[in-house]
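Chain and residue survey
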Amino acid sequence: MTERVAIVEFYTWHTECLPQQIEYWAQHSNEVWLFINKRVADRVEFSHSNVTLVAMDFDHFAGLLKLHRAIRKNNIKQVIFNTASGSKMLQFCLLPRWRNTRFVGILHNAKKLETSLGQKFISHRLIEHYFVLSAYIVEYVRSLGYSCSYIQAYKALPPTGHIKQQGERWAIVPGTVQYTRRDYNFLLHLLQRSDFPHNTKVVLLSNINAANGNDFLSKCRAAGVEDKIIYFNSYVSSTIFAQYMNDADFLLALIHSDTPFFAEYQTSKVSGTFLLADAYDKPMLIDKAFASIKGFNFPSVFYADMDECISKMKTY
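Now for a look at the structure at hand.

1. Structural notes on helix H1 (residues 18–28)
Listed in full, the buried residues belonging to H1 are Leu18, Gln20, Gln21, Ile22, Trp25 and Ala26. Turning to H1, the residues buried within the fold contact strand E1 (5–9), strand E2 (32–37), strand E3 (51–56), strand E4 (78–81) and strand E5 (102–106).

2. So, the packing of aromatic side chains
On inspection of all chains with the given rule, the structure shows 23 aromatic pairs. Ring centres 5.0 Å apart and planes at 85° place the aromatic pair phenylalanine 10 and phenylalanine 58 in the edge-to-face group. In this pair, phenylalanine 10 sits in the loop between E1 and H1 while phenylalanine 58 sits in the loop between E3 and helix H2 (61–73), placing the two residues 48 residues apart along the sequence. Look at phenylalanine 10 and you get buried, because its relative accessible area is 2%. On the numbers, 5.5 Å between centres and 40° between planes, the contact of phenylalanine 290 with phenylalanine 296 is tilted.

3. Topic: the sheet that holds strand E8 (residues 169–174)
Read across the open sheet, the six strands follow the order E10-E9-E8-E11-E12-E13; overall the sheet is parallel. Edge strands, defined here as strands with exactly one partner in the open sheet, are strand E10 (229–232) and strand E13 (300–303). Neighbour-to-neighbour, the strand axes of this sheet turn through a mean angle of 30°, independent of strand direction. Sheet topology note: the E8/strand E9 (residues 200–207) ladder contains six bridges and is parallel. Note that in E9 the partner of proline 174 across the bridge is leucine 205.

4. Some thoughts on the pattern of salt bridges
Under the counting rule described, the total for this entry stands at 11 salt bridges. Lysine 164 is the salt-bridge partner of aspartate 249, the closest N and O atoms lying 2.9 Å from each other. Here aspartate 249 is found in the loop between helix H9 (238–247) and strand E11 (250–252), whereas its partner lysine 164 is found in the loop between strand E7 (148–150) and E8, with 85 residues between them in sequence. A salt bridge links glutamate 308 to lysine 312, with the shortest nitrogen-to-oxygen separation between them at 4.0 Å. Of the two residues, glutamate 308 and lysine 312 are both situated in helix H11 (residues 306–315); the distance of four residues between them amounts to about one turn of the helix. Residue classification places lysine 312 among the partly exposed positions, given a relative accessible area of 23%. Via salt bridges that share partners, Arg97, Arg102 and Glu128 belong to a single interconnected network.

Reading the values: rules and limits
- Numbers given to residues run from 1 along each chain, matching the order in which its sequence is written.
- Only residues with pLDDT of at least 70 are given local features in this predicted model, and only at 80 or more are side-chain atom pairs given and counted; all residues enter the totals for whole chains, interfaces and linings.
- The basis for every side-chain value is the complete set of heavy atoms in the structure, and neither hydrogens nor water enter the calculation.
- We call a residue buried when its accessible area falls under 20% of the maximum for its residue type, exposed when it is over 50%, and partly exposed in between, using a 1.4 Å probe and counting protein chains only.
- A helix here means a DSSP run of H or I that spans at least four residues, while a strand means a run of E at least two residues long, and both kinds are numbered starting from the N terminus.
- Contacts are residue-level and defined by heavy atoms, with any inter-residue pair within 4.5 Å sufficient.
- Note on aromatic contacts: the rings of Phe and Tyr and the six-membered ring of Trp form a pair at centre separations within 6.5 Å, being stacked when their planes are under 30 degrees apart, edge-to-face when over 60 apart, and tilted otherwise.
- DSSP calls a pair of strands paired once it identifies at least 2 bridges connecting them.
- What counts as an axis is a line fitted to C-alpha atoms, over the stretch in contact for a helix, and the angles between N-to-C directions run from 0 to 180 degrees.
- Definition used for salt bridges: Asp or Glu carboxyl oxygen within 4 Å of a side-chain nitrogen of Lys or Arg.

What follows is the structure, given as structure tokens:
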């Protein structure tokens, strides 16, 4: 068994990766300390008795100092940063480090190793090994000279009973509605098609009031397709999220050539939709450009255009 370890999440995102991390380290360590931003501490669920949750105010530098002291005081031998990048990570690296503690972390956008001076400093100063969330990104990171391995980020929660109406089919779009992440114009045009499957609902599996959600909802209403979508007006708990994922017929990736970071998604960045398709073993409809990526092993159904996408939706 590994000695006492800490899992750290400075930010209010990537909390969906925490259950799998907690599960793994709780089974392979004598004791796990989870230091998490206090604003999202209520989102984390676990049942292991050897896990201690500490909610901290990471919005201020004093919180980073408190974390630094806690790691040393409690003789923690390994620290896993759930998000090993960003301003808070950079600030933490400015604090004195000590021997006999190993620092590793999950890198959610490996392109930063090339483009970000801050990420290069983090790598030089603190992080000894990176984990990435897809096998095809490992080769990219190693080619830049960094120690790297693949780690499974998500774990499916077991079914707790079906909630989908009989005869209805669900196409899931998980995560916050953000125009920089997915091609929502494609989705809107898809919903407007006369041959869109009549028994299919598109589930926007997140709080519609976040990011671009309300703007997209307004567009759906103006186009007269609101009845074809399911959405939520508040935070979606892990239990509800799992219920919809388990009842999903397929997922929509909505990443195309005009989507921001399209090239990065093929080399150095992974979409949460990919990871959820893998965790829940659900087919994901995705642009055929991803079919040629070496190591892209997520459950996928590829399409060349909107016509073929509609055809595939009727099949799966």
